[in-house]
Amino acid sequence: MLIGADYDKIEFQLLGLELLEPTAFVGDMIMAFFGFLFAYKVSKLGQTVFIKNWKIFFFLFGLLFLFGGFGHLMYNYWAIPGKYAGWFLGIVIVFYVEAAMLSFIKSDKLRNALLIACKIKLLLALIGEVLIISLIDLSVDFSVAMQIPTVNSTFGLTSALVILSYYYSRILTPVFKFFILSGLVMLPAVFFRAMKINPAPWFDKNDVSHLVLFFGLILYYTGVKRVAAYQKKLS
């Protein structure tokens with residue numbers, strides 16, 4: 001086990017290409033597949049604001065891991081710019097979770113005010129990421145560029161999936177507890193990445209994160225499906 005540092009990237013050759021991190025690539029492709037799959041399944045659940053925002057989230061989640069996988073695989077050719085799409089999508093997708101969860105707030109004034117706050121947070125995070133990419137030499141340590149997406153995700157998902165879901169589970173329906181559980185299940189991924197906890201070269205912090213995120217993603221979909229059923233009962 002290696003903590004506080006990363007193992008050397010695993011290298012391999014395929015079709016004359018010098019490629020990297022095969023396990024990370026496979027993990028990302030699996031996550032991308034389930035992201036797109038859940039986006040399709042959610043689109044069949046209805047047309048509420050809640051469902052529409054979750055559909056966009058799952059689709060962008062799939063894109064994030066699709067780009068992320070090739071960013072790992074093709075690092076020798078694309079270098080740092082090959083990771084830009086994943087970093088920015090990691091910021092953007094949080095907004096759609098926030099928008100979905102805020103849709104249950106009955107006060108139009110409060111809901112709109114919180115949505116504006118989320119949009120401002122999104123804009124500031126995107127600007128901050130652009131500044132980091134533009135002003136800092138990421139070739140030394142590109143993990144610096146992951147700090148804003150990580151902080152943004154931790155704050156946004158904790159607020160939306162833990163705090164709001166707990167509130168909704170008390171006043172609306174207990175099925176929101178699936179989102180609380182998903183937020184708690186996915187939290188360890190933040191610590192593994194932030195502290196660079198790498199169990200083994202073939203199962204590093206990225207692979208641990210993929211495993212944790214996979215279970216969290218299933219809980220996301222389960223929660224969306226249960227809440228959609230709750231909404232249908234009310235309509």
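Given the structure is predicted, the values throughout are model-derived calculations rather than measurements.

Analysis parameters
- Residues numbered from 1 in each chain as written.
- Predicted model: local features only at pLDDT ≥ 70, side-chain atom pairs only at ≥ 80, totals over all residues.
- Heavy atoms only, no water.
- Helix = DSSP H or I, 4+ residues; strand = E, 2+ residues; numbered from the N terminus.
- Rg over C-alpha atoms; globule rule 2.2 N^0.38 Å.
- Buried < 20%, exposed > 50% of the residue type's maximum accessible area, 1.4 Å probe, protein only.
- Contact = heavy atoms within 4.5 Å.
- Areas by Shrake-Rupley, 256 points an atom, 1.4 Å probe, with all protein chains shown as cover.
- Lys, Arg positive; Asp, Glu negative; His and termini not counted.
- Charge placed at Lys NZ, Arg CZ, Asp CG, Glu CD.
- Salt bridge = Lys/Arg side-chain N within 4 Å of Asp/Glu carboxyl O.
- Phe/Tyr/Trp six-rings, centres within 6.5 Å; stacked < 30°, edge-to-face > 60°.
- Expected span 1.5 Å × (residues − 1).

Draft legend 1. Expanded view of the overall build of the protein. When you go through the protein residue by residue, the secondary structure sums to eight helices and four strands. Starting at the N terminus and ending at the C terminus, the protein contains elements arranged as β-β-β-α-α-α-α-α-α-α-β-α. For the protein, the C-alpha radius of gyration of 18 Å lies close to 18 Å, the compact-globule estimate for 235 residues. Principal-axis analysis of the C-alpha atoms places the extent of the protein at approximately 60 × 35 × 30 Å. Expressed as a percentage of the 235 residues in the protein, the buried residues total 44%. Sequence-distant contacts in the protein: of pairs separated by 6 or more residues, those separated by 24 or more amount to 71%. Carbon and sulfur atoms provide 71% of the accessible area of the protein, an area that totals close to 12,200 Å². When the 20 positive and 13 negative side-chain charges of the protein are each reduced to one mean point, those points stand 23 Å apart.

Draft legend 2. Representation of the pattern of salt bridges. Considering all chains together, one arrives at two salt bridges under this definition. We note a salt bridge from Glu 98 to Lys 121, for which the minimum N-O separation is 3.0 Å. Pair noted here: Glu 98 is in helix H4 (residues 84–102) and Lys 121 is in helix H5 (residues 108–135), with a separation of 23 residues, a long-range link. For the salt bridge of Arg 111 with Asp 108, the shortest nitrogen-to-oxygen distance reads 2.4 Å. Taken as a pair, Arg 111 and Asp 108 lie in helix H5 at a separation of three residues, close to a single helical turn. According to the relative accessible area criterion, Arg 111 is buried, its value standing at 18%. Residue class for Asp 108 comes out partly exposed when judged on its relative accessible area of 46%.

Draft legend 3. Region of the structure containing the packing of aromatic side chains. The final tally for this structure, using the stated rule, is 28 aromatic pairs. Pairing Phe 34 with Phe 38 gives two aromatic rings, centres 5.9 Å apart and planes at 50 degrees, and the pair type is tilted. Taken together, the residues span about one helical turn, with Phe 34 and Phe 38 both in helix H1 (residues 22–43) at a distance of four residues. On the accessibility criterion, Phe 34 (22% relative accessible area) is partly exposed. According to the relative accessible area criterion, Phe 38 is buried, its value standing at 8%.

Draft legend 4. Spatial organisation of the side chain of Thr 173. Checked against the element boundaries, Thr 173 lands in the loop between helix H6 (147–171) and helix H7 (177–194). The residues touching Thr 173, leaving out its near neighbours within four places in the chain, are Tyr 168 and Tyr 230.

Draft legend 5. Expanded view of H5. Given a rise of 1.5 Å per residue, 28 residues ought to cover 40 Å, and the 40 Å separating the end C-alpha atoms of H5 matches this to within 8%. All of the buried residues in H5 are Arg 111, Cys 118, Leu 122, Ala 125, Gly 128, Glu 129, Ile 132 and Ile 133. Buried-residue contacts for H5 involve H4 and H6.

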